[in-house]
Amino acid sequence: MRQAGRSLPEYRAIRGTGSILDAIRDPELSTEITLQPVRRYGVDAAIFYSDIVVPAYAIGFGVEVVPGVGPVVAEPFAGRADLERLRPYEPDVDAPWVIETVRSVVGALAPLGVPLIGFAGAPFTVASYLLEGRPSRTYARTKALMHEDPVLWAELLDRLADQAIASLTAQVAHGAAAVQLFDSWAGALSAADYERFVLPASRKVLDAVGELGVPRIHFGVGTGELLALMGAAGADVVGVDWRVPLDEARRRVGPGRALQGNLDPALCLASWEVAAAGTRAVLAANAGHPGHVFNLGHGVLPETDPEILERVVALVHAEGRVLPVEAAG
Ligand code: CP3
């Protein structure tokens, strides 16, 4: 998730006030930012400091990330002619700084025994930014296009799928040990629309990445009705927000896939007692199942006290139990 900027004073101290995209273009700075939460929280993996709009930005689609708002597109995607603006993404050429950051982070994490999770935006979520031009509550233009012109929609998603594949392939080639495909806003869709208009492009990405032999995590917010489909799209791990308890999520996803989640980040704004009770409830709902990556259900909220997060990690390390799969059910 988006995390570092959300909680750490040491992040705010070195991040500067410019665009996050400038910070991402600076491998030394991005490396340090990636390492900060690992040092402070003792988490078991690092998430690469970048953003889901980086490929679109790097090929010159005209994307900015406005602080406190999110990705904003100067000239949103409006029709077939705009496909021309979405040429293939070549990380080595278009964003060599990304490659350099992956390499330097992987080098710095190796002695700590901590793996790096690479990531990309899923085609639907990236398309929603390119179409809406800014964060949206309704996704009206996005939904209108998929229904009005399914052929153009499929071509748009296919190009974005190829960009995600190029991005993830480069990250894995340079040492990322797992990948996460963020379809953060897929929960805006009905299961039928998701299956028809979104799943094929996400499956293309996850299948291609499957060839690379690293675990694939697939995450969205408000996706309780989509969990089974998001797993079936080709994920090894399905991310779950806080709305569905893990035992029910496991029932929906079915056997053979792990879950990631799902502490409500808002509970980390409350007292330690509240955060601890929420953490224990997540562990209890998982019931010792070995296929569980403990995480928040979405990103850290900006005003979170880092000490609470430190204590959550310590509590999970102390009390998280793994039972043999038969015993865990
Ligand atoms: O260190 C980390 O935080 C991890 C790196 C990371 C960022 N973005 C950096 C970032 C990751 C994994 C992302 C993914 C991302 N970006 C997603 C998918 C995950 C999710 O949270 O659902 C999405 C939807 C985006 C798009 C995006 N970028 C939004 C909506 C925003 C928020 C704007 C705001 O300020 O509230 C961003 C900006 C952003 N990307 C921040 C960070 C740390 C926060 C602001 C900043 O420091 O400029």
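Scroll up to find the structure.
Remember, it's a predicted structure, so these values are computed and weren't measured experimentally.

Enquirer: I'd love a proper account of the packing of aromatic side chains, names of residues and values included.
Expert: For the structure shown, the criterion picks out seven aromatic pairs. Arranged with centres 5.5 Å apart and planes meeting at 70°, the rings of Phe 119 and Phe 182 form a pair that is edge-to-face. Of the two residues, Phe 119 sits in strand β4 (residues 116-121) while Phe 182 sits in strand β5 (residues 178-182), which places them 63 residues apart along the sequence. Since its relative accessible area comes to 8%, Phe 119 is described here as buried. A relative accessible area of 6% means that Phe 182 is categorised as buried. Ring geometry for Phe 124 and Trp 153: centres 6.4 Å apart, planes at 65°, overall edge-to-face. On the criterion of sequence distance, the pair formed by Phe 124 in helix α8 (residues 123-132) and Trp 153 in helix α10 (residues 150-173) is long-range, its members being 29 residues apart. The pair Phe 124 / Trp 153 is uniform in exposure class, with both members buried. Seen from the ring of Phe 61, Arg 85 lies directly overhead, with NZ or CZ sitting 4.0 Å from the centre.

Enquirer: How would you explain the sheet that holds strand β8 (residues 258-263) if you had to name every residue and give the values?
Expert: Spatially, seven strands are ordered β1-β4-β5-β6-β7-β8-β9 in an open sheet, and the strand pairing comes out parallel. The outermost strands of the open sheet, each flanked by one partner alone, are β1 (46-47) and β9 (292-296). Pairing analysis gives two bridges linking strand β6 (residues 216-219) to strand β7 (residues 237-239), with the strands arranged parallel. Each residue of the ladder has a partner; that of Ile 217, found in β7, is Val 237. The strands touched by α10 are β4 and β5; relative to β4, the strand with the most contacts, the crossing angle is about 170°.

Enquirer: Explain the nonpolar core to me, using residue names and the numbers behind them.
Expert: One finds Phe 77, Leu 130, Trp 153, Leu 156 and Tyr 194 to be the most contacted residues of the largest nonpolar core, which totals 105 residues. Broken down by element, the residue count for this core peaks at 11 residues, all from α10. If near-sequence neighbours (up to four positions away) are discounted, Tyr 194 is found in contact with Asp 183, Ala 186, Leu 189, Leu 199, Ser 202, His 218, Leu 226, Leu 229, Met 230 and Ala 233.

Scoring rules and cut-offs
- Residues numbered from 1 in each chain as written.
- Predicted model: local features only at pLDDT ≥ 70, side-chain atom pairs only at ≥ 80, totals over all residues.
- Heavy atoms only, no water.
- Phe/Tyr/Trp six-rings, centres within 6.5 Å; stacked < 30°, edge-to-face > 60°.
- Helix = DSSP H or I, 4+ residues; strand = E, 2+ residues; numbered from the N terminus.
- Buried < 20%, exposed > 50% of the residue type's maximum accessible area, 1.4 Å probe, protein only.
- Lys NZ or Arg CZ within 6 Å of the ring centre and 35° of its normal.
- Pairing = 2+ DSSP bridges.
- Contact = heavy atoms within 4.5 Å.
- Axes fitted to C-alpha atoms, helices over the stretch in contact; angles between N-to-C directions.
- Core = buried A, V, L, I, M, F, W, Y, C linked by side-chain atoms within 4.5 Å.

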